[in-house]
Amino acid sequence: MQVYNIVDYGAPQDGTTLATGAIAAAIEAASNAGGGTVFIPSGTYLTGAIFLKSNIELHLSPGAILSFSTDLVDYPVVESRWEGVQREVHASCIYGQNLENISVTGSGTLDGNGQPWWEKHRNHPEELQYPRPKLISFDRCQRVTIKDIMLKNSPSWTVNPIACYNVTIDNVSILNPADSPNTDGINPESCSNVRISNCNIDVGDDCIAIKAGTEDTQERIPCENITITNCTMVHGHGAVVLGSEMSGDIRNVTISNCVFKQTDRGIRLKSRRGRGGIIEDIRVSNIVMEDVICPFILNLYYFCGPRGKDKYVWDKNPYPITDETPCFRRIHFSDITARQVHAAAGFLYGLAEQYIAEITFSNIDISMAKNAIPGRPAMMTGIEDMNNRGFYLGNVRDIRFQQVTIENHEGPAFYIENGEGVEVNRCHSKNTNQPEKLIEQVTIQSSEQNIFN
């Protein structure tokens, strides 16, 4: 194996002098030889954006730290996606386009030094002509591996493969402060054949978010064939999130053998009118959640982002079904435990014209918190803070609950508003402060809909 040590190419180890040029020279030498391993020995190296090339493994030794510059000039402007839309952005700390057979590996650390970027975003957005760098992002690459590495303090999203094929992310640790803005953990976007396993993710936004572009992305590429397994997720706004950028479709996703703790929300699907696209054929199993606002959210009235407050988004009256109408269907949950749940056991709310359909919950055990903190299970207009509620279903069709237990809830265990073909089999309500209904089902005319008021 040919190894190219960055120190041999002049990389200073003082942590204060830029090593960007030396790292680029080592990558170039490896590339000219047909490929190889660019080796980062133990020590701290200050660098700007690193551009990989095909057939290159960037390997960090234990004790090696790539400390990324906080100077805008060290991140050239490139054409990529930002929040689902193609545009000019600052290059990611580690970046590449149209590459094959690339890896970022080893037991070292990538430190994005995100604090100055977060401060600019919060207090001086005018200083950011282009969006902040991500820590690792690859565009249209094949056979991508990210393994064993520690990632911390990302300026924005941490790992964001875009339109990539055959991606492995294994045994990666991600640590961003809980209050850091938009520092999602792993966001595969319009990718195919992605495997995420054995990761520990503790971040300031979604831990894992699966995306497929917005209505403003001309090229519609699905995100499909995704497996997520054996991961632990802490803090963050959601543990595993699908959408809201889903215009290219999201399908064939399995999520299994994971633990979520204090992630605000557990499994969260979100979109709205105007986005279009379909989320379908999703299976979630063997999950334990603790101290979450709501374990299950399927929301087609999500209001964040451009045009999210328009009447077209929040109106509860039916609109014509077009290519702009999103759809959630064929989603299955099984063998899941959720403890210390605050707001609601689950929240499913479809469009008045496009019901959420073909959803199953099997062998689910949910216990509401005794001193629950009121919160909103989903981000949509008209919703109020709630606590200790059961499942809230609105505009749903062909939903089946099998062996679901809800403990310490207030109000009905299953509240169904405009539901068709909802089955509740061998489900139980237990340990409530007073007798509560198991099921309450109502039909509300569209012009009357003003939920939770």
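Naming follows an unreviewed UniProt entry, where the chain appears as Endopolygalacturonase of Paenibacillus terrae. Regarding the chain, the relevant UniProt record gives this comment under Sequence similarities (unreviewed entry): "Belongs to the glycosyl hydrolase 28 family."

Caption draft 1: Representation of empty space enclosed by the protein. The final tally for this structure, using the stated rule, is 2 cavities of 30 Å³ or more. Reported here for the largest cavity is a volume of approximately 40 Å³. Those elements that place two or more of their residues in the lining of the largest cavity are β8 (77–82) and β9 (85–90). Take the lining of the largest cavity: its biggest share by element is 3 residues, from β8. Per-class residue counts for the lining of the largest cavity are 3 nonpolar, 4 polar and 3 charged. Counted as a void, the second largest cavity has a volume near 30 Å³.

Caption draft 2: Highlighting helix α1 (residues 20–32). Helix length check: α1 (13 residues) gives 18 Å between terminal C-alpha atoms against 18 Å at 1.5 Å per residue, within 8%. Three or more residues of α1 are buried, namely A22, I23, A26, I27 and A30. Buried residues of α1, viewed axially, fall in a sector of 140 degrees; they line one side. Seen from the buried face of α1, the exposed residues on the opposite side, beyond 90 degrees, are G21 and N32.

Caption draft 3: Spotlight on the UniProt feature "domain: Rhamnogalacturonase A/B/Epimerase-like pectate lyase" (unreviewed entry) in the chain. Residues annotated in UniProt with the feature "domain: Rhamnogalacturonase A/B/Epimerase-like pectate lyase" (unreviewed entry) correspond here to residues 4–58. Taken as a whole, residues 4–58 contains 24% helix and 40% strand, while its terminal C-alpha atoms sit 10 Å from one another.

Caption draft 4: Examining the environment of G36 more closely. You can see G36 is positioned in strand β3 (residues 36–40). Separated by 21 residues in sequence, G36 and E57 place their C-alpha atoms 6.4 Å apart. In this view, G36 contacts Q2, Y4, A30, N55, I56 and E57; residues no more than four positions away in its chain are not counted.

Caption draft 5: Spatial organisation of the side chain of N408. Looking at the element boundaries, N408 is found in the loop between β32 (389–407) and β33 (414–425). Of the polar contacts made by the side chain of N408, one reaches the backbone oxygen of M368; its length is 3.3 Å. Discounting chain neighbours no more than four positions away, the residues touching N408 are M368, A369, K370, N388, K430, N431, T432 and N433.

Caption draft 6: Representation of the pattern of salt bridges. Applying the stated criterion across every chain yields a total of 19 salt bridges. One salt bridge connects D170 with K147, and the closest N-O pair in it is separated by 2.6 Å. Placement of D170 in strand β17 (residues 165–170) and of K147 in strand β14 (residues 142–147) is noted, with a sequence separation of 23 residues between them. On the basis of relative accessibility, which here comes to 13%, the residue D170 falls in the buried class. Among the salt bridges present, the one from E280 reaches R330, with a minimum N-O distance of 3.0 Å. Of the two residues, E280 sits in strand β27 (residues 278–290) while R330 sits in strand β29 (residues 327–341), which places them 50 residues apart along the sequence. Taking relative accessible area as the criterion, E280 reaches 10% and is therefore assigned buried.

Caption draft 7: Focus on the state of the cysteines. Under the criterion given, the structure shown has 0 disulfides. This cysteine, C223, is not joined by any disulfide, and C191 carries the nearest cysteine sulfur, 5.3 Å off. Of all cysteine sulfurs in the structure, the one in C294 sits closest to C427, which takes part in no disulfide; the separation is 16 Å. Overall, C427 belongs to the buried group, its relative accessible area being 9%.

Caption draft 8: Just the layout of surface pockets, in detail. Within this model, the largest pocket holds a volume of roughly 520 Å³. What lines the largest pocket is a set of 25 residues, among which E83, S244, E245, Y302 and C304 lie closest to the centre. For the lining of the largest pocket, the secondary structure elements donating two or more residues are β9 and β26 (265–270). Taken together, the residues of the lining of the largest pocket sort by class into 7 nonpolar, 5 polar and 13 charged. Quantified by volume, the second largest pocket comes out at close to 170 Å³. Looking at the second largest pocket, the residues that line it are W82, E83, R87, H121, P125, L128, Y130, P131, R132 and N182. Of the residues that constitute the lining of the second largest pocket, the class distribution is 5 nonpolar, 2 polar and 3 charged.

About the criteria used
- Residues numbered from 1 in each chain as written.
- Predicted model: local features only at pLDDT ≥ 70, side-chain atom pairs only at ≥ 80, totals over all residues.
- Heavy atoms only, no water.
- UniProt positions renumbered as here; feature names shortened; annotations may be inferred.
- 1 Å grid on protein atoms, 1.4 Å probe; cavity = no way out; pocket = protein on both sides within 12 Å on 5 of 7 lines; lining within 4 Å.
- Points joined across faces, edges and corners; volume = space filled by probe spheres on them.
- Helix = DSSP H or I, 4+ residues; strand = E, 2+ residues; numbered from the N terminus.
- Nonpolar A, V, L, I, M, F, W, Y, C, P; charged D, E, K, R; others polar.
- Expected span 1.5 Å × (residues − 1).
- Buried < 20%, exposed > 50% of the residue type's maximum accessible area, 1.4 Å probe, protein only.
- Arc of directions from axis to C-beta.
- Contact = heavy atoms within 4.5 Å.
- Polar contact = N/O pair within 3.5 Å; in protein donor to acceptor, adjacent residues only side chain to side chain.
- Salt bridge = Lys/Arg side-chain N within 4 Å of Asp/Glu carboxyl O.
- Disulfide = S-S within 2.5 Å.

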